[in-house]
Amino acid sequence: MKRKTTTRKTSGKKGVKPSVPGRLLVVEATGFALYGVVARRSIGGEVTFGVPVMSTATEVDAAIEEVLEKLREQGGKKRLPRNAVLVAASAASEILHLPVDPKNPRPKAQMAELIRWEFEEIYVRQNDIWSLGAMLQGRGYVSAEERHEIEACVTAGRERGSLVNAYRDMISREHLDECMSLQEPLLAMDDDLVIGWSPLPDNGEPGRYAWYCAGMGDGLRAQWVRAFRQHGVFCSWIYPQMGASLPLVEAGSERALLVDIRQEQFGLFQCVNGGLDALSIKACSYGTASPDAVVAAVARFAHADTATVFISAPEECQGGVSDAINQKFPRADVRVLGAGCECPAPVWASLQGVASHALKQCSPQLLPRIQAQPSKPPLWKSKEFWPWAIIALVVVGIIATEVSNRMLTERKEWELELLNIEYDRQMQIKNEASKTQSEIRELTETLAEKEKELAEKQRQIEAIENGILYRQRLVPGLLEAISKSIPANVMVDLLEENDGRTGFYMEGWALEDTSAQLFGSLLSENLAQWHYKVGDIRLTRGKGRFGDDGYVFKIQLTRTTGKKGAGDDR
């Protein structure tokens, strides 16, 4: 890449305050490559950028090391920034409407739990885009047309496992293993999600407030943070890739639209008066967004009076999308973001947008971000705190003992004079103490009974919580097992739980009786880890939901043991 420096003025935006100069390392992981650039903020609020660099290493540590080495070569003797932010394609984003007023937010732990409950399905949908064909296309080993042809043929043939074989016949084993290595961490489902959120302007709906939220797997986040730390860089925030260029949208009109196009998906972001109002993220067929599909989505989504349309898209589809939008919306002013750099235009636009947000040159509510570093524990939980606390307590104890001894010495004569009076008083106290001791014994017995009751209540609560957690994992597990077991020419029409939760009842249709029998066999195998089996399967000739002749099957799913299955602890 040729050496050049880009300057972007951001100090004139609404809600931005003058700030001290600073430097920041901005890195984007597209899922196929790693890009990095150094951003600098001047006293006047201008943000300048160096030349972006790229690494195609498959391992995270190696990719970060290569990006940092290339940036050091650019800067010569000048040290790189020690603080970094990451733009991650694996991070999902969505607008959620929650019953939490931004003026009176809940504590962070409660907010994270509330959003996490709503966000799991969104994160799973984001993971679904990382297919093997997507990785091969992203690395340049197959074209969009070749991928379309291969996957369409395999889908039409309905042959299990033939997609990998089709690609293996086309590319080398080395390239296939490389793409599968890239795919593996992106498909990993963590036990927990890390969440970030930002409040949006009030939409007028009583009791419901819009929050712009982002989330990613905790394990994947930890992997990136650990890799940065190994190279002496502190990663402070992680941003979702979709919509990262929003800070570049100029608030020159009341309504503006950002069209953010990436491989496998594209997003529409409607802005009103400089703030985000609505978004829509859609998947692309075979990795490429066609101009017709983008325009159709824009027509359904955009406000009728949208004055400006900003496009962040790969160079090969910028012209087609721009022309299609101009034809559909002749009055709209169409502008292309990210032009003028040798790295991909969407990457360059998101690097600039995130740098502007991280360096506080735009409204903090414009983008959501995820805290990369775990929150520090309270002081009293720190290992370094207790040794010093013990030393301080010993010193205080010694001083207090010395002062007490001196005071006792000075008062000794006075106490001797009052000894007789004190003796009478102590006798009186002794008599009262004997009465108090009997009361204490009664209270002690009452306390013991209450403690037993409390222990029983806690046991019941734990049993209820464990039962709920088991149900939350069981049902998705059964659905996943059923989806994995369905062969060609089989449709499932009904799945319901029996009364008393003794099992499940399923109805469906198969074109051939052998397909239904195969489905029952595969289903038994996949349900084994959940300790369920196919207890009874009945086949009768009949028509399916579309009127085709075949076989109607009815299946009873029963438990094989009273214990939880292996998948319950995932």
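So, a few notes on the structure that sits alongside this text. (Residues numbered from 1 in each chain as written. Predicted model: local features only at pLDDT ≥ 70, side-chain atom pairs only at ≥ 80, totals over all residues. Heavy atoms only, no water.)

So, helix α13 (residues 513-527)
Taking 1.5 Å of rise per residue, the 15 residues of α13 would be expected to cover 21 Å, and the 21 Å separating its terminal C-alpha atoms lies within 8% of that figure. When we look at burial in α13, the residues that qualify are Ser515, Ala516, Phe519, Gly520, Leu523 and Leu527. End-on, the buried residues of α13 take up no more than an arc of 140°, which puts them together on one face. Pointing more than 90 degrees away from the buried face of α13 are the exposed residues Thr514 and Glu525. (Helix = DSSP H or I, 4+ residues; strand = E, 2+ residues; numbered from the N terminus. Expected span 1.5 Å × (residues − 1). Buried < 20%, exposed > 50% of the residue type's maximum accessible area, 1.4 Å probe, protein only. Arc of directions from axis to C-beta.)

Comments concerning the side chain of Arg41
Following the sequence through the fold, Arg41 ends up in strand β3 (residues 34-41). The buried charged residue Arg41 lacks any salt bridge partner; its closest oppositely charged side chain belongs to Glu46, at an N-O distance of 12 Å. A distance of 2.6 Å separates a polar side-chain atom of Arg41 from the backbone oxygen of Leu359. (Lys, Arg positive; Asp, Glu negative; His and termini not counted. Salt bridge = Lys/Arg side-chain N within 4 Å of Asp/Glu carboxyl O. Polar contact = N/O pair within 3.5 Å; in protein donor to acceptor, adjacent residues only side chain to side chain.)

Regarding the packing of helix α8 (residues 291-301) against helix α9 (residues 315-328)
Between α8 and α9, the shortest axis-to-axis distance is 9 Å and the interhelical angle comes to 40°. It follows that α8 is oblique to α9 by the angle criterion. Our pair here, α8 against α9, has a crossing hand that is right-handed. Contacts from Pro291, Val294, Val295 and Ala299 in α8 reach Gly320, Val321, Ala324, Ile325 and Lys328 in α9. Grouping the constituent residues of the contact of α8 with α9 by class yields seven nonpolar, one polar and one charged. (Axes fitted to C-alpha atoms, helices over the stretch in contact; angles between N-to-C directions. Parallel < 35°, antiparallel > 145°, perpendicular 65-115°, else oblique. Left-handed = near helix turned anticlockwise from the far one by under 90°. Contact = heavy atoms within 4.5 Å. Nonpolar A, V, L, I, M, F, W, Y, C, P; charged D, E, K, R; others polar.)

Some remarks on unusual backbone geometry
Comment: phi is negative for the bulk of residues other than glycine, and the bulk of peptide bonds are trans. Of note in the backbone geometry, Glu264 takes a positive phi value of approximately 85° without being a glycine. With respect to the helices and strands, Glu264 occurs in the loop between β11 (255-262) and β12 (265-272). On the basis of relative accessibility, which here comes to 4%, the residue Glu264 falls in the buried class. One non-glycine residue, His531, lies in positive phi territory at about 60°.

Structural notes on a nonpolar patch on the surface
A cluster of nonpolar side chains, contributed by Trp388, Ile391, Val395, Ile399, Val403 and Met407, occupies part of the molecular surface with about 620 Å² of accessible area. Inspection of the secondary structure puts Trp388 in helix α11 (residues 385-417). (Patch = residues over 30% accessible without salt bridge, like charges linked within 9 Å, V, L, I, M, F, W, Y side chains within 5 Å. Areas by Shrake-Rupley, 256 points an atom, 1.4 Å probe, with all protein chains shown as cover.)

With respect to the sheet that holds β11
Strand order in the open sheet made by the five strands is β13-β12-β11-β14-β15, with mixed pairing throughout. The open sheet terminates on both sides in strands that have one partner only, identified here as β13 (275-283) and β15 (333-336). Averaged over all adjacent pairs, the angle separating strand axes in this sheet is 15°, with direction ignored. Relative to β15, strand β14 (residues 308-312) runs parallel, the two sharing four bridges. Looking across to β15, one finds that Ile311 is bridged to Val336. Taken strand by strand, α8 contacts β11, β12 and β13, and its axis lies near 30° from that of β12. (Pairing = 2+ DSSP bridges.)

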